[in-house]
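Each chain, letter by letter, is given below.
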Amino acid sequence: TNGYINCGSNASLNFNNSISICFVMEKDSGGEQMVLSQSASGYNVRIMATGEINITAAGIAQAISSGANLQLNTKYWIAITYDQTSAKFYVNGHLVSISTDLQSNIGAGGAMLIGRYGVAAEEYFDGRFDDIRIYANRVLTLDEVRDIYNDGFVRSVDSDTGLVLGLRLDEG
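Below: a short report on this structure. (Residues numbered from 1 in each chain as written. Predicted model: local features only at pLDDT ≥ 70, side-chain atom pairs only at ≥ 80, totals over all residues. Heavy atoms only, no water.)

**A look at the sheet that holds strand E12 (residues 163-167)**
Across the sheet, which stays open at both edges, the six strands sit in the order E9-E8-E7-E2-E11-E12 with antiparallel pairing between neighbours. Strands at the two margins of the open sheet, each flanked by one partner only, are strand E9 (94-99) and E12. Pairs of neighbouring strands in the sheet enclose a mean axial angle of 15°, with direction left out of account. Direction of pairing for strand E2 (residues 19-27) relative to strand E7 (residues 75-82): antiparallel, over a ladder of eight bridges. (Pairing = 2+ DSSP bridges. Helix = DSSP H or I, 4+ residues; strand = E, 2+ residues; numbered from the N terminus. Axes fitted to C-alpha atoms, helices over the stretch in contact; angles between N-to-C directions.)

**Section: the pairing of strand E11 (residues 127-136)**
Counting buried positions over the ten residues of E11 gives eight, a clear majority of the element. Relative to E12, E11 runs antiparallel, the two being bridged by four bridges. Within E12, the position partnered with Arg 133 by the bridge is Gly 166. (Buried < 20%, exposed > 50% of the residue type's maximum accessible area, 1.4 Å probe, protein only.)

**Notes on the environment of Gly 30**
Inspection of the secondary structure puts Gly 30 in the loop between E2 and strand E3 (33-38). In the structure, Gly 30 is positioned 41 residues away from Gln 71 in sequence and 9.1 Å away in space, judged by C-alpha atoms.

**Quick look at the packing of aromatic side chains**
For the structure on display, the rule yields four aromatic pairs. Consider the rings of Tyr 4 and Tyr 124, whose centres lie 6.1 Å apart with planes at 45°: the pair is tilted. Here Tyr 4 is found in the segment before strand E1 (5-6), whereas its partner Tyr 124 is found in the loop between strand E10 (112-114) and E11, with 120 residues between them in sequence. Tyr 124 sits in the buried class, given a relative accessible area of 15%. Pairwise contacts between aromatic rings join Phe 23, Phe 125 and Phe 129 into one cluster. Over the face of the ring belonging to Tyr 4 we find Arg 116, whose NZ or CZ atom lies 4.6 Å from the ring centre. (Phe/Tyr/Trp six-rings, centres within 6.5 Å; stacked < 30°, edge-to-face > 60°. Lys NZ or Arg CZ within 6 Å of the ring centre and 35° of its normal.)

These values are about where atoms sit, not about what they do.
Now the structure itself:
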């Protein structure tokens, strides 16, 4: 499909040292697909053809990869935390990978797009999203990740400290 969400260029979506991203997703077709991007100078999260989750950024030649093998037509709850020392990937409340091989800090800037890469590209996400949360300048702990996963859609996005974007797409 070619549907996506443009969250704009709000400064609250930028971060300096850390970020946590959580979302529910279900991928309908194969191939590499964009989950979210923040323009050319920011960061990108993709689901690769292999089912791995990658986070990349301008200035980083090497993608940071989850090692997870996400299957088509299966709903997953994903969390990614990043600070200046490590990137952690969680699937359904379980830590699946930690990478400390970071080449540079991930910066941020530009429009935040969910389900599309950049404004000129034709790379979209083919599937569904829900309960998208972005915490700028905050790394969720393992206990917080598990609490959010276990509480699911019951947990109010209004009560989360540091939350700069909270989208619940299943509401009318």
